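Chain and residue survey
The chain contents come next:
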Amino acid sequence: MATIECEQPQPDLYKFVGRIIIYRSNQEPVARSLGPENLLLKGATLKNTKKIYGVAVYTGMETKMALNYQGKSQKRSAVEKSINAFLIVYLCILLGKATVCTTLKYVWQSNPFNDEPWYNEKTKKERETFKVLRMFTDFLSFMVLFNFIIPVSMYVTVEMQKFLGSFFISWDKEMYDEEIQEGALVNTSDLNEELGQVEYVFTDKTGTLTENSMEFIECCIDGHKYKDCISEVDGFSQTDGHLKYYGKAEKSREELFLRALCLCHTVQIKEADQVDGLMAHPERKYTYISSSPDEIALVKGAEKYGFTFLGLENNFMKIQNQKNETEMYQLLHVLNFDPVRRRMSVIVRTTTGKLLLFCKGADSSIFPRVQQEEIQQTKVHVDRNAMDGYRTLCVAFKELTEKEYDKIDKQLNEAKMALQDREEKMAKVFDDTEADMHLIGATAVEDRLQEQLAETIEALHAAGMKVWVLTGDKMETAKSTCYACRLFQTSTELLELTARTVGEGERKEDRLHELLLEYHKKLIPDVPKHRGGLKRSWTLSQEYGLIIDGSTLSLILNPSQDSGSSNYKSIFLQICLKCTAVLCCRMAPLQKAQIVRMVKNTKGSPITLSIGDGANDVSMILEAHVGIGIKGKEGRQASRNSDYAVPKFKHLRKLLLAHGHLYYVRIAHLVQYFFYKNLCFILPQFLYQFFCGFSQQPLYDAAYLTMYNICFTSLPILAYSLLEQHISIDTLTSDPQLYMKVSDNAMLQWRPFLYWTFLGAFEGLVFFFGVYFLFQSSSLEDNGKVFGNWTFGTIVFTVLVFTVTLKLALDTRFWTWMNHFVIWGSLAFYVFFSFFWGGVIWPFLKQQRMYFVFAHMLTSVSTWLAIILLIFISLFPEILLIVLKNIKEKNHQAGPFDLPVLVSYKRIENGYVKAEDAVTNLAERYPLRIP
């Protein structure tokens, strides 16, 4: 029998504090600590364990997965904000129309004959009605009559477009990775168009820019370098040559170092499955598994030098030494790695009873904890390896006495049993334990760059995006990676704000202030003044790159009260925004989010994108406007918390330059088109009130009012918003400068909005007055009969439906069978519905006002001619504008093909172009000019 005591439900997946108290007959209760290693989450799989016995501690909405559904910030795209602004304009138009009609109605009725003609006398009740109340009800009646100008159906169409459009990302075969057998994933479809507006890209380094596939390169023991010619093939070791020693440490120190690599880790052994037939590698009957690829690389590195880890059995770690002898070490405690300490340790007991603590971690966390005279000889190798782009770890040890161990054991057990502040207590014990150690050496592990990384970053730069690298690695390692992936060019002048340049001591804030002012003075005068701002034209005559580390960033974001440096952040931000690339190293996860938030909240609210692969990247992924997770080797925390997930960094190029560009163009056109077609729809209704005594008489039949947005004009724009490719995907991917043509929400600014509004107003005027002048003829039929008001409205509605549908056909550049089907099908359906609706006497209708109206209308040749002529007149300005623009493009375009021109496309001047020949050639072939 046992009871479990644990903390209240909380959403952190990697934290759990509890204890189990076991009651046995005639014995004292025994308490055991419970931690995150004892908690199985949803989706967990057992490895090397046949079965477990478990008990549910949290259920229902108290589970960690359920609690993680909450608290995610709502992200809204720039398109949604533009829609709201446009909606306010159209709401004002609606209120204005209703107010004008209500006012003019009472002006018109001020004449007694108009107010109460002899054939329509008012009742006693109508005469006694309070005038203000009548005016209010009339105002509401006009609001109802004109309410169709508000495109309510647009919101439904936009949501359908976003949801259905997101499948194109998931279905993209070029974004499918054969290695992990997965493609891109869309966690939210609300931000599709935001992918086409990104200005800042914040990226992690390890696992995002690199493969996170570690390979042991070399090590250093007591300052002596050890390197061999060994390559890894399919995870198995093959020695191609003799070991190369650069000097040699004592044999005992070599063995101590290799034993540390074999013991200080959390690697597990997985036995190979039993299979019949020949095995490719019969000598290897097991594989290593671990949460970190670094640890596997180090264990394999020790194996190359003759020390092999054989696994953990009954709390005893087994290793095989160079003499093929098996050594047993009792594992007493594991001091787990965490991103704050940046190290991990184990305490083991040898068969002779000796107690040893082995520790490995980042140099910044190990060096302060070892004897200072041992550091220099190893530091030289660590710095050189970091400059070469390798990931470095330092290894240290210390021997414990029984008394020291008993004290540590007691403190650890007390901390583990604590239900309150367990983590803080354990961190203090870890800190005290990992002190006064002796440095043995260091390791160098290579993390290869991802394929097509340099090309992708160059494309993002050419598209006008700034790429910032936010990493927890050493400055030298990260800097080398930035050069390798061409984030920094050889011509880039680097500005450093690090502990090395700022220095230590009391004057470091003064020195930081001096550097900030110096860099600010160097950057700001070089910026040319362009009309309309500098959001995309940010290139300077000299390219600058900025490097900053976590400690200096803390000084900038959190200056001391007496420093008088409250403007640090402002100056620093101005410097960052003028640099072509920024590298932030030694960053804590929270600092990554602070950097993103700082840029996101600058003037102009630039669109930010964060991309990472690990749990330490989740904070910046959630903070950015668009968060992208890499399906890497550090678990699925990043991809689970992201808006989009892709297998590799290279897929970001197509996701932004092709999918993002097209999604934005499609939805921007959809929004403008909806406002335009609803204005065309309601303006004739408004004008009709001037000819019907402002009596709220509808121009269109109720069926037409209902079906206009639902059936007659909805499918063509939905198909357009899903399938349109005004420029081919290959062209968009190969010519990144095209991305800048829709930057800064170019197609949803006030200028294109006013263009669409005036176009809708012009066509509405043509529809109404064109038919009005047609009806000036005393007779439209051979028998001398005249058409009525429902025929008038039906002619206007017919011209309206055909014009707005053909307008969309003119805008379509990429025709598919579906576009043809919905465009011509919608027109055919309108004609069919009109014949059907007016060809039957419907028993549920009190008035058969549309009976035979449509069929009778088409018997007049004048009507046919008027419909065709009015459609042509309405579309003529649009056709003329397209022809003139295409002629102008052909006169100036030197490329092998012509790019279609969208009315609301933005022109670019002084767009950012890289110095490389490939991008320069593209710029020469497809110049972007302001007329």
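Just so it is clear, the structure is predicted and the values come from calculations on it, not from any experiment. (Residues numbered from 1 in each chain as written. Predicted model: local features only at pLDDT ≥ 70, side-chain atom pairs only at ≥ 80, totals over all residues. Heavy atoms only, no water.)

1. A look at the sheet that holds strand E25 (residues 626–630)
Read across the open sheet, the nine strands follow the order E4-E26-E25-E24-E5-E20-E23-E22-E21; overall the sheet is mixed. The open sheet has two edge strands, strand E4 (185–186) and strand E21 (493–497), and neither has a second partner. Pairing between E4 and strand E26 (residues 644–646): two bridges, direction antiparallel. Residue pairing across strands places Leu 185 opposite Ala 645, the latter belonging to E26. On top of the sheet, helix H14 (residues 475–484) reaches strand E20 (466–470), E21, strand E22 (544–549) and strand E23 (581–585); it is set at about 150 degrees to E23, its chief contact. (Pairing = 2+ DSSP bridges. Helix = DSSP H or I, 4+ residues; strand = E, 2+ residues; numbered from the N terminus. Contact = heavy atoms within 4.5 Å. Axes fitted to C-alpha atoms, helices over the stretch in contact; angles between N-to-C directions.)

2. Some remarks on the pattern of salt bridges
In the structure shown here, the tally under the stated rule is 37 salt bridges. One salt bridge in this structure joins Arg 448 and Glu 215, with 3.5 Å as the shortest N-O distance. Taken together, the residues span a long stretch of sequence, with Arg 448 in strand E19 (residues 438–449) and Glu 215 in strand E6 (residues 210–221) at a distance of 233 residues. With relative accessibility at 39%, the residue Arg 448 sits in the partly exposed group. (Salt bridge = Lys/Arg side-chain N within 4 Å of Asp/Glu carboxyl O. Buried < 20%, exposed > 50% of the residue type's maximum accessible area, 1.4 Å probe, protein only.)

3. Description of the nonpolar core
Val 671, Tyr 700, Tyr 704, Phe 797 and Leu 800 are the most contacted members of the largest nonpolar core, which has 81 residues in total. A total of 18 residues in this core trace back to one element, the largest contributor, which is helix H22 (residues 651–688). With residues near it in sequence (within four places) discarded, Tyr 704 still touches Phe 681, Phe 712, Thr 794, Phe 797, Tyr 830, Phe 833, Ser 834, Met 850 and Phe 854. By size, the runner-up hydrophobic cluster in this structure holds 42 residues, among which are Leu 583, Ile 628, Tyr 644 and Leu 657. (Core = buried A, V, L, I, M, F, W, Y, C linked by side-chain atoms within 4.5 Å.)

4. Topic: the confidence of the model for the chain
Looking at the chain, pLDDT values average 81 and 84% of them are 70 or higher. Segment residues 529–535 is flagged for pLDDT under 50; beyond a separation of four residues in sequence, or across chains, it makes nine contacts in the model. Contacts of residues 907–931 to residues separated by more than four positions or lying in other chains number 57 contacts, the stretch itself having pLDDT below 50. (pLDDT = per-residue confidence, 0-100.)

5. Here's the deal with the UniProt feature "binding site: Mg(2+)" (unreviewed entry) in the chain
The positions that UniProt labels "binding site: Mg(2+)" (unreviewed entry) are, in the present scheme, Asp 204, Thr 206, Asp 613 and Asp 617. Of the residues just listed, which span 414 residues, no C-alpha pair is farther apart than 10.6 Å, and they cluster in one region. Mapping Asp 204 onto the fold places it in the loop between strand E5 (200–203) and E6. In this structure Asp 204 touches Leu 209, Leu 470, Thr 471, Lys 592, Ile 611, Gly 612, Asp 613, Asp 617 and Met 620, once residues within four positions along its chain are discounted. Only 3.3 Å separates the side chain of Asp 204 from the side chain of Lys 592, close enough to count as a polar contact. (UniProt positions renumbered as here; feature names shortened; annotations may be inferred. Polar contact = N/O pair within 3.5 Å; in protein donor to acceptor, adjacent residues only side chain to side chain.)

6. Thoughts on the UniProt feature "coiled-coil region" (unreviewed entry) in the chain
The feature "coiled-coil region" (unreviewed entry), as annotated in UniProt, sits at residues 398–425 in this numbering. Summarising residues 398–425: 71% helix, 11% strand, and an end-to-end C-alpha distance of 22 Å.

7. Focus on the pairing of strand E7 (residues 224–227)
Of the strand pairs in this sheet, E6 and E7 are connected by four bridges, and their pairing is antiparallel. Residue pairing for E7: Cys 219 is matched across the bridge by Tyr 226. Two successive antiparallel strands, E6 and E7, enclose a turn made up of two residues, where Asp 222 displays a positive phi of approximately 50 degrees.

8. A word on the packing of aromatic side chains
For the coordinates displayed, the defined rule picks out 53 aromatic pairs. Judged by centre distance (4.8 Å) and plane angle (50 degrees), the rings of Tyr 90 and Phe 675 are tilted. Residue Tyr 90 is located in helix H2 (residues 78–108), and its partner Phe 675 is located in helix H22; the two are separated by 585 residues in the primary sequence. Here Tyr 708 and Phe 797 contribute two aromatic rings whose centre-to-centre distance is 5.8 Å and whose plane-to-plane angle is 65 degrees, an arrangement assigned as edge-to-face. One end of the pair, Tyr 708, is in helix H23 (residues 702–712); the other, Phe 797, is in helix H27 (residues 789–811), and 89 residues separate them in sequence. Residue Tyr 708 is classed as buried on the basis of its relative accessible area of 0%. The aromatic ring of Tyr 405 is capped on one face by Arg 349, whose charged end is 5.9 Å from the ring centroid. (Phe/Tyr/Trp six-rings, centres within 6.5 Å; stacked < 30°, edge-to-face > 60°. Lys NZ or Arg CZ within 6 Å of the ring centre and 35° of its normal.)

9. So, the environment of Ser 25
Mapped onto the secondary structure, Ser 25 falls in the loop between strand E2 (18–22) and strand E3 (30–34). Put simply, Ser 25 and Met 1 are 24 residues apart on the chain and 9.4 Å apart in space, counted from C-alpha to C-alpha.

10. A look at unusual backbone geometry
Among all residues except glycine, the phi angle is most often negative; among peptide bonds, the trans geometry is most common. Within the chain, Asn 315 stands out as a residue other than glycine whose phi angle is a positive 65 degrees. Among the secondary structure elements, Asn 315 is positioned in the loop between strand E13 (308–313) and strand E14 (316–320). At Phe 694, a residue that is not glycine, the phi angle is positive and equals roughly 50 degrees. Assignment of secondary structure puts Phe 694 in the loop between H22 and H23.

11. Here we look at the pairing of E25
For E25, the buried fraction is high: five of the five residues fall into the buried class. Both strand E24 (residues 608–612) and E25 contribute to a ladder of four bridges, which runs parallel. Counterpart to Gly 612 in the pairing with E25 is Gly 629. Here E25 runs beside E26; their pairing, made up of three bridges, is parallel. When the bridges of E26 are listed, Ile 628 appears paired with Tyr 644.

12. With respect to the sheet that holds strand E1 (residues 2–6)
Strand pairing in a sheet is mediated by backbone hydrogen bonds. Such pairs are either parallel or antiparallel. Strand order in the open sheet formed by three strands is E1-E2-E3, with antiparallel pairing between adjacent strands. Each end of this open sheet is capped by a strand with a single partner; those strands are E1 and E3. Adjacent strand axes in the sheet meet at a mean angle of 20 degrees when their direction is disregarded. In the sheet, E2 pairs with E3 via five bridges, with the strands oriented antiparallel.

13. Considering the environment of Asp 190
The residue Asp 190 is located in the loop between E4 and E5 in this model. In sequence terms Asp 190 and Ser 166 are 24 residues apart; their C-alpha atoms lie 9.1 Å from each other. In this structure Asp 190 touches Gln 74, Ser 77, Glu 80, Glu 159 and Lys 162, once residues within four positions along its chain are discounted.

14. Regarding H22
Taking 1.5 Å of rise per residue, 38 residues should cover 56 Å, and H22 covers 55 Å from first to last C-alpha, within 8% of that figure. Of all bends in H22, the biggest is about 30 degrees, found at Gly 660. Of all 38 residues making up H22, 37 are buried, and the element is well covered by its neighbours. (Expected span 1.5 Å × (residues − 1). Bend = angle between axes of the 7 residues up to and from the residue.)

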